[in-house]
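Chains, contacts and geometry: an overview
One-letter residues, chain by chain:
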Amino acid sequence: MAMELRLPVVRKPLSESLGRDTKKHLVVPGDTITTDTGFMRGHGTYMGEEKLIASVAGSVERVNKLICVKALKTRYNGEVGDIVVGRITERRRSAEDELAMRGFLQEGDLISAEVQAVFSDGAVSLHTRSLKYGKLGQGVLVQVSPSLVKRQKTHFHDLPCGASVILGNNGFIWIYPTPEHKEEDAGGFIANLEPVSLTDREVISRLRNCIVSLVTQRMMLYDTSILYCYEASLPHQIKDILKPEIMEEIVMETRQRLLEQEG
Amino acid sequence: MASVALSEAEKVYIVHGVQEDLRVDGRGCEDYRCVEVETDVVSNTSGSARVKLGHTDILVGVKAEMGTPKLEKPNEGYLEFFVDCSANATPEFEGRGGDDLGTEIANTLYRIFNNKSSVDLKALCISPREHCWVLYVDVLLLECGGNLFDTISIAVKAALFNTRIPRVRVLEDEEGSKDIELSDDPYDCIRLSVENVPCIVTLCKIGYRHVVDATLQEEACSLASLLVAVTSKGVVTCMRKVGKGSLDPESIFEMMETGKRVGKVLHSSLQSILQKEESLGPKRQKVGFLG
């Protein structure tokens, strides 16, 4: 058995460890961004008393004449076309609903769906009108801040390490064993409850810990970053990945590889 | 207790994983998550400690005040426990939602300390039948991430280790009235021996096996748990079963043995980390809440 107690250490600010020269301009709601009225107002700002004021807490981004504030941590705002992973908390109770849906979906079930429309109060309507969406079977759910999920062409990834991942735009990440053959006729609503093999479990647990470490170090989540983090973590035992010093080491290596890949 | 909703498939995945000794975060059935302990975080208490275990965050403050001894135990001081489930921990604790859980935890703490050897209560007596020290132990739940009882017991032990009670003398003058004199030196204080203070080990039954240090998701898959209060020598002071499921007497015995084994390791690790923190001296950098 393993038991480790440690004393807390002060967290180093990230910019120091990265050696970045440019410091981000951070603002909180109510801060003045600029008194120059020539700029266009973007998201997260409003005009008041002849100056531009921030309405969210985050970093100021400037593109030519457009100033916006990108919030560091937000509630999820739905956009049409987003992939989301969601849990059923409540359902409409009517006779037809009881007869038809209860066989397929229960309260507490997880589903993957696409946003069809957004209402003015922020509520979204979802659809699962494709065989790739539907009820999710066995796997692990990781909840992260929605601002850390990078927008990409596709959010369903079959990683080469042996598991698949769905990066929901709402911050719900679903890791599951890659299904061996695509079940075309089932349509995704019958859950497979057979035991998952030990090798698959190890891959899934390792991916889960890697995602948690990336999130703790505030790195964007997308298939490449997750994969690089997975490969960087291979020399360590799965349960050691969550130790603070190993987490820092792995994420640092991931960051370097990503920079090399870009440059 | 705070709970999460899980789908059937997720529960099946967790249960099968536990059977194979590979939990969702890669731990084995007897592995704890990383624990962070810091004492002396609240300056206006006699002793305090903060313990973080995964997503569970507990703050304990101990205040020593003078009171009258209880009638049936005139030579001893006593401890009073109070547990506050802050609404910060989980939305279920909003308003009076956390009161039930708070009383349950406080009653468990009273039970495990309800024996002669956990804390030397005679050392808390100032003058028999008249004055004694009462230690008010306040537990604050800051964040709830599963495995509350273990974390609370570790924090209580660390806070009691950190408690410094001022040294007092009782002066009796000719008329017979007693005066209590506080020592001039603020560092002149008595400390409690926490060698026999027990810690709770919670064992959750999941499937056919039991796990130590369950997360919220694992607790949702478990129908029955056993709380075992163990001292550093492996002596069980109290045992309690929670949950609506049933436990086989043989599993209870196995779980108790695991609890004793795990408890001994827990105590020795906690003792060494508390000694290490103490050896850093008063100049150590305090991390506190903003680190």
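Keep in mind the model is a prediction, meaning the values are calculated, not measured.

**Concerning the overall build of chain B**
- Looking only at helices and strands, chain B has five helices and 14 strands in total.
- Taking 19 Å as the expected radius of gyration for a compact globule of 291 residues, we find that chain B reaches 21 Å, a close match to that expectation.
- Contacts spanning at least 24 positions in sequence make up 70% of the contacts within chain B whose residues lie at least 6 apart.
- Total accessible area on chain B stands at roughly 13800 Å², and carbon and sulfur atoms take up 50% of it.
- Treating the 33 positive side-chain charges of chain B as one cloud and the 45 negative ones as another, the clouds have centres 4 Å apart.

**Topic: the UniProt feature "domain: Exosome complex component N-terminal" (unreviewed entry) in chain A**
- Within the UniProt annotation, "domain: Exosome complex component N-terminal" (unreviewed entry) is assigned to residues 26-63 of chain A.
- For residues 26-63 of chain A, the helix share is 0%, the strand share is 55%, and the end-to-end C-alpha distance is 16 Å.

**Here's the deal with unusual backbone geometry**
- Phi angles above zero are rare outside glycine, and E50 of chain A is one such case at about 65°.
- Assignment of secondary structure puts E50 of chain A in the loop between β5 (45-48) and β6 (51-54).
- In this structure, N147 of chain B takes a positive phi of about 60° despite not being glycine.
- Looking at the element boundaries, N147 of chain B is found in the loop between β6 (131-143) and α3 (148-162).

**Focus on the sheet that holds strand β7 (residues 58-63) of chain A**
- Strand order in this open sheet of four strands is β2-β7-β8-β4 (chain A), and the pairing throughout is mixed. Sheet topology places β2 (26-27) and β4 (40-41) of chain A at the edges, where each strand pairs with a single neighbour.

**Topic: the interface of chain B and chain A**
- Of the residues lining the interface, 38 residues belong to chain B; the matching set on chain A comes to 36 residues.
- At the boundary of chain B with chain A, total buried surface from both sides reaches about 3300 Å², with 65% on carbon and sulfur atoms.
- Area buried by chain B at its contact with chain A is led by E10, Y13 and L22 of chain B, which between them contribute 19% of it.
- At the boundary of chain B and chain A, one finds two salt bridges.
- A salt bridge links R87 of chain A to E10 of chain B; the shortest N-O distance between them is 2.9 Å.
- Between chain B and chain A we count 13 residue pairs in polar contact (both at pLDDT 80 or more) in total.
- Every element with two or more residues in the side of chain B that touches chain A is listed here: α1 (8-19), β1 (35-39) and α5 (249-279) of chain B.
- Top element by residues in the side of chain B that touches chain A is α5 of chain B. It accounts for eight residues.
- Here the side of chain B that touches chain A is composed, by residue class, of 18 nonpolar, seven polar and 13 charged.
- In the sheet, strand β1 (residues 5-6) of chain A pairs with β1 of chain B via two bridges, with the strands oriented parallel.

**Re the pairing of strand β12 (residues 209-212) of chain B**
Residue and element names in this part refer to chain B.
- The sheet contact formed by strand β11 (residues 199-206) and β12 spans four bridges and is antiparallel. Looking at β12, one finds that L203 is bridged to V212.
- In this antiparallel pair of consecutive strands, β11 and β12, the connection spans two residues, and G207 shows a positive phi of 65°.

**Overview of the packing of helix α3 (residues 198-216) of chain A against helix α4 (residues 223-233) of chain A**
All names here are of chain A.
- Between α3 and α4, the shortest axis-to-axis distance is 9 Å and the interhelical angle comes to 110°. Viewed along their axes, α3 and α4 adopt a mutual orientation that is roughly perpendicular. Where α3 crosses over α4, the two elements pack in a sense that is right-handed. Contact with α3, carried on its side by V203, R206, L207, C210, I211 and L214, involves S225, I226, C229, Y230 and S233 of α4 and no other residues of that element.

**Describing the UniProt feature "domain: Exoribonuclease phosphorolytic" (unreviewed entry) in chain B**
All names here are of chain B.
- The residues that UniProt annotates with the feature "domain: Exoribonuclease phosphorolytic" (unreviewed entry) are residues 32-166 and 196-261.
- A helix fraction of 21% and a strand fraction of 38% characterise residues 32-166, whose end C-alpha atoms lie 36 Å from each other.
- Secondary structure within residues 196-261 divides into 29% helix and 39% strand; the distance between the first and last C-alpha atoms comes to 16 Å.

**Topic: the packing of aromatic side chains**
- Considering all chains together, one arrives at three aromatic pairs over all chains under this definition.
- Ring geometry for Y133 of chain A versus F156 of chain A: centroids 5.9 Å apart, planes at 50°, classification tilted. Here Y133 of chain A, found in the loop between β11 (124-127) and β12 (134-135), pairs with F156 of chain A, found in strand β14 (residues 156-158); they are 23 residues apart in sequence, far enough to count as distant. Note on accessibility: Y133 of chain A and F156 of chain A belong to one class, buried.
- The interplanar angle of 85° and the centroid separation of 5.4 Å between the aromatic rings of F81 of chain B and Y110 of chain B together place this pair among those described as edge-to-face. Placement of F81 of chain B in strand β4 (residues 78-85) and of Y110 of chain B in helix α2 (residues 99-112) is noted, with a sequence separation of 29 residues between them.
- Accessibility expressed as a relative area gives 6% for F81 of chain B, which makes it buried.
- An aromatic cluster of at least three residues, connected via ring pairs, comprises F81, Y110 and F113 of chain B.
- We note R257 of chain A situated over the ring of Y228 of chain A; from NZ or CZ to the ring centre the distance is 3.9 Å.

**Things to note about the side chain of R206 of chain A**
All names here are of chain A.
- Secondary-structure assignment places R206 in helix α3.
- Among buried charged residues, R206 stands out as having no salt bridge; its nearest opposite-charge side chain is E202, 6.8 Å away.
- Aside from chain neighbours lying at most four places away, what touches R206 is Y230, S233, L234, H236, Q237, I238 and I241.

**Some thoughts on the nonpolar core**
- The biggest cluster of nonpolar side chains holds 70 residues, and the ones touching the most others in it are V156 and L160 of chain B.
- The element contributing the most residues to this core is α3 of chain B, with ten residues.
- Within the second largest apolar cluster, 46 residues are counted, among which are L167, I173, C210 and V251 of chain A.

**Remarks on the environment of M219 of chain A**
All names here are of chain A.
- With respect to the element layout, M219 can be found in the loop between α3 and α4.
- The exposure class of M219 is buried, given its relative accessible area of 9%.
- For M219 and T254, which are 35 residues apart along the polypeptide, the C-alpha to C-alpha distance reads 9.7 Å.
- When residues no more than four places from it in sequence are discounted, the contact partners of M219 are L148, L214, V251, R255 and L258.

**Comments concerning the pattern of salt bridges**
All names here are of chain B.
- Scanning the model with the defined rule gives 26 salt bridges over all chains in all.
- Between R27 and D213 there is a salt bridge; the shortest N-O distance is 3.1 Å. Of this pair, R27 sits in the loop between α1 and β1 while D213 sits in the loop between β12 and α4 (216-221); the two residues are 186 residues apart in sequence, bridging distant segments of the chain.
- R27 sits in the buried class, given a relative accessible area of 3%.
- Using a relative accessible area of 0% as the deciding quantity, one classes D213 as buried.
- Between E257 and K260 there is a salt bridge, with the nearest N and O atoms lying 3.7 Å from each other.

How each quantity is defined
- Per chain, the residues get numbers from 1 upward, laid out in the order the sequence is written.
- Following the order in which they are written, the chains are lettered starting with A and the ligands numbered starting with 1.
- Restriction of local features to residues with pLDDT of at least 70 applies here, the model being predicted, together with a cutoff of 80 or more for giving and counting side-chain atom pairs; totals for whole chains, interfaces and linings are based on all residues.
- Hydrogens are left out, water is left out, and the side-chain values use all remaining heavy atoms of the structure.
- Secondary structure elements are defined from DSSP: runs of H or I of at least 4 residues count as helices, runs of E of at least 2 residues count as strands, and each element is numbered from the N terminus.
- Two things to know: the radius of gyration comes from C-alpha atoms, and the globule rule equals 2.2 Å times the number of residues to the power 0.38.
- Throughout, a residue-residue contact means that at least one pair of heavy atoms, one from each residue, lies within 4.5 Å.
- Values of accessible area rely on a 1.4 Å probe in the Shrake-Rupley scheme; residue burial ignores everything except the protein chains shown.
- Asp and Glu are treated as the negative residues and Lys and Arg as the positive ones, with His and the ends of the chain left uncounted.
- For charged residues, the charge sits on one atom: NZ in Lys, CZ in Arg, CG in Asp, CD in Glu.
- UniProt positions are given in the numbering used here, feature names are shortened, and annotations may be inferred rather than shown by experiment.
- Two strands qualify as a pair provided DSSP detects at least 2 bridges between them.
- Summed over both partners, the accessible surface that disappears when two parts come together, traced with a 1.4 Å probe, is what is meant by buried area.
- When a carboxyl oxygen of Asp or Glu lies within 4 Å of a side-chain nitrogen of Lys or Arg, that pair is called a salt bridge.
- Counting of polar contacts relies on pairs of N or O atoms within 3.5 Å, with two restrictions inside protein: one atom must be capable of donating a hydrogen and the other of accepting it, and residues adjacent in sequence are counted only when both atoms are side-chain atoms.
- Residues were grouped as follows: Ala, Val, Leu, Ile, Met, Phe, Trp, Tyr, Cys and Pro as nonpolar; Asp, Glu, Lys and Arg as charged; and all remaining residues, including Gly, as polar.
- Angular values range over 0 to 180 degrees, each being the angle between N-to-C directions of two axes fitted as lines to C-alpha atoms, with helices fitted over their stretch in contact.
- Here roughly perpendicular refers to angles of 65 to 115 degrees, roughly parallel to angles under 35, roughly antiparallel to angles over 145, and oblique to all remaining angles.
- Crossings are sorted by hand: turned counterclockwise from the far helix by less than a right angle, the near helix makes the crossing left-handed, and turned clockwise it makes it right-handed.
- Working definition: rings of Phe, Tyr and Trp (its six-membered ring) pair if their centres are within 6.5 Å, and the pair is stacked with planes under 30 degrees apart, edge-to-face with planes over 60 apart, and tilted otherwise.
- For every residue, the accessible area obtained with a 1.4 Å probe (protein chains only) is divided by the maximum for its type, and the residue is called buried under 20%, exposed over 50%, and partly exposed between those limits.
- Each ring is checked for a lysine NZ or an arginine CZ that lies within 6 Å of its centre and within 35 degrees of its normal; such an atom marks a charge sitting over the ring.
- Here the nonpolar core consists of buried residues drawn from Ala, Val, Leu, Ile, Met, Phe, Trp, Tyr and Cys, with membership extended through side-chain atoms lying within 4.5 Å.

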